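For reference, the chains in residue letters:
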Amino acid sequence: MKKYIFTGLLVWLPLAITIWVLMNVVGALDGVFTWLLHAVMAVLPTELHQPLLGLRDVPGLSVLILVTALWVTGVAATNIAGQWLVNQSNRIISHIPIVKSIYTSVKQVSDTLFSSSGQAFRQAVLVEYPRQGSWTIAFVTGKPTGEVGALLPEDMLTLYVPTTPNPTSGFMLIVPRSDVRELHMSVDEALKYIISMGVVAPPPTQS
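Going along each chain's sequence as written, the residues are numbered from 1 onward. Predicted model: local features are reported for residues with pLDDT of at least 70 only, side-chain atom pairs are reported and counted for 80 or more only, and whole-chain, interface and lining totals are derived from all residues. Heavy atoms throughout the structure, all of them, feed into the side-chain values; hydrogens and water do not.

Topic: the overall build of the protein chain
Quick note on the threshold: Comment: elements are numbered from the N terminus, with helices defined as DSSP H or I runs of at least four residues and strands as E runs of at least two. Our radius of gyration looks at C-alpha atoms and nothing else; its globule reference is 2.2 Å times the residue count to the power 0.38.
Summing up its helical and strand segments, the protein chain has seven helices and five strands in all. If you list the helices and strands of the protein chain from N to C, you get α-α-α-α-α-β-β-α-β-β-β-α. Computed over the C-alpha atoms, the radius of gyration of the protein chain is 24 Å, more than 25% above the 17 Å expected from 2.2 N^0.38 for a compact globule of 207 residues. Over its C-alpha atoms, taken along the principal directions, the protein chain stretches across nearly 70 × 60 × 35 Å.

Pasting the structure below:
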């Protein structure tokens, strides 16, 4: 009986966690959407309040509005006028105390992670960590630059070593290229391997 209960748990647990995460995300979006509705109603005539309040009961409307807003923003930011507005907004925010520190840091990380020209997670590798003879999977993020790069030999790599099962936290290492073993698995496969604590191994590459 214990065996079958455990097997049933393995079947339902991933689905339950996925639904729970999605419900929390949608709930957060609905909260933001409700706040925006109240902000809009504050500047509109009273007779328009009731139709706007009815929008709160439309399921999934907040997600649809978010996707549409992201698409419109992306389209607008790809032309000259949109780029000018984005640059002006960045310039204004960068002059606001405290806010500029948070915004600048987040923007640098997001540009590195999501930009098509960024260097983040370009390749999965093996590196000896945390001691000699003990190996872990890491991701190449580039080469050391600036003051750090000037003080180190040329043939060095910057690595991100994620923790398991939460790969969003980890360590940054700067190691010689000769200490790194390249892997043929993709970044997605390596992330699955890390999150599963080594249980979900990618298939071996064909030679």
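Text resumes after the structure shown.
A short note on the confidence of the model for the protein chain
Let me state the cut-off plainly: The predictor rates its confidence in each residue with pLDDT, a number between 0 and 100.
Averaged over the protein chain, the pLDDT score is 82; the fraction of residues at 70 or greater is 92%. Of all secondary-structure elements in the protein chain, the lowest mean pLDDT belongs to helix 5 (residues 99–114), at 71, while strand 5 (residues 180–182) reaches the highest, 94.

Looking at the pattern of salt bridges
So the rule is basically this: What counts as a salt bridge is simple: a side-chain nitrogen of Lys or Arg found within 4 Å of a carboxyl oxygen of Asp or Glu. Relative accessibility decides the category of a residue: with a 1.4 Å probe and only protein chains considered, values under 20% of the type maximum give buried, values over 50% give exposed, and everything between is partly exposed.
Throughout the structure, instances matching the rule amount to one salt bridge. Notably, a salt bridge pairs aspartate 155 with arginine 177, separated by 2.9 Å at the nearest N-O pair. Remark: arginine 177 occurs in the loop between strand 4 (170–176) and strand 5 and aspartate 155 occurs in the loop between helix 6 (146–151) and strand 3 (156–162); sequence separation between them is 22 residues. A residue is classified by how much of its surface remains accessible, and aspartate 155, at 44% relative accessible area, is partly exposed.

Regarding helix 7 (residues 187–195)
What counts here: Taking the helix axis as origin, the arc is that swept by the directions to the C-beta atoms. Contacts: residue pairs with any heavy atoms within 4.5 Å of one another.
Turning to helix 7, its buried residues are Val187, Ala190 and Ile194. Take helix 7 and look down its axis: the buried residues cluster within an arc of 60 degrees, on one side only. Turned more than 90 degrees away from the buried face of helix 7, the exposed residues are Asp188 and Lys192. Residues of helix 7 that are buried make contact with strand 1 (123–128), strand 2 (135–142) and strand 3. Just beyond helix 7, the residue with positive phi is methionine 197, at close to 60 degrees.

Here's the deal with the sheet that holds strand 2
Selection rule: When DSSP finds two or more bridges between a pair of strands, those strands are recorded as paired. Interaxial angles span 0 to 180 degrees and are taken between N-to-C directions of axes, which are lines fitted to C-alpha atoms, for helices over the stretch in contact.
With antiparallel pairing, five strands are arranged side by side in an open sheet as 4-3-2-1-5. The open sheet is flanked by strand 4 and strand 5, the only strands paired with a single partner. The average angle at which neighbouring strand axes cross in this sheet is 40 degrees, direction not considered. Relative to strand 3, strand 2 is paired through three bridges, and the arrangement is antiparallel.

Describing unusual backbone geometry
For the bond running from tyrosine 129 to proline 130, omega is 5 degrees, close enough to zero to count as cis. Topologically, proline 130 is positioned in the loop between strand 1 and strand 2. At methionine 197, a position not held by glycine, the phi torsion is positive, near 60 degrees. Mapped onto the fold, methionine 197 is located in the segment after helix 7.

Considerations on a nonpolar patch on the surface
Threshold: Patch definition: residues above 30% relative accessible area lacking any salt bridge, with like charges linked at up to 9 Å and the nonpolar side chains Val, Leu, Ile, Met, Phe, Trp and Tyr linked at up to 5 Å. Areas reported as accessible are Shrake-Rupley estimates using a 1.4 Å probe. Residue values count occlusion only from the protein chains shown.
Residues Phe6, Leu9, Leu10, Leu13, Ile17, Trp20, Val21 and Val25 make up a contiguous nonpolar surface patch of about 780 Å² in total accessible area. Relative to the assigned elements, leucine 10 resides in helix 1 (residues 2–41). Residue leucine 10 is classed as exposed on the basis of its relative accessible area, which comes to 51%.

Comments concerning the environment of glycine 82
Residue placement: glycine 82 occurs in helix 4 (residues 80–93). A relative accessible area of 9% places glycine 82 in the buried class. Residues glycine 82 and tryptophan 135, 53 residues apart in the sequence, show an inter-C-alpha distance of 47 Å. Sequence-distant contacts of glycine 82, that is, excluding residues within four places in its chain, are made with Ala76 and Ala77.

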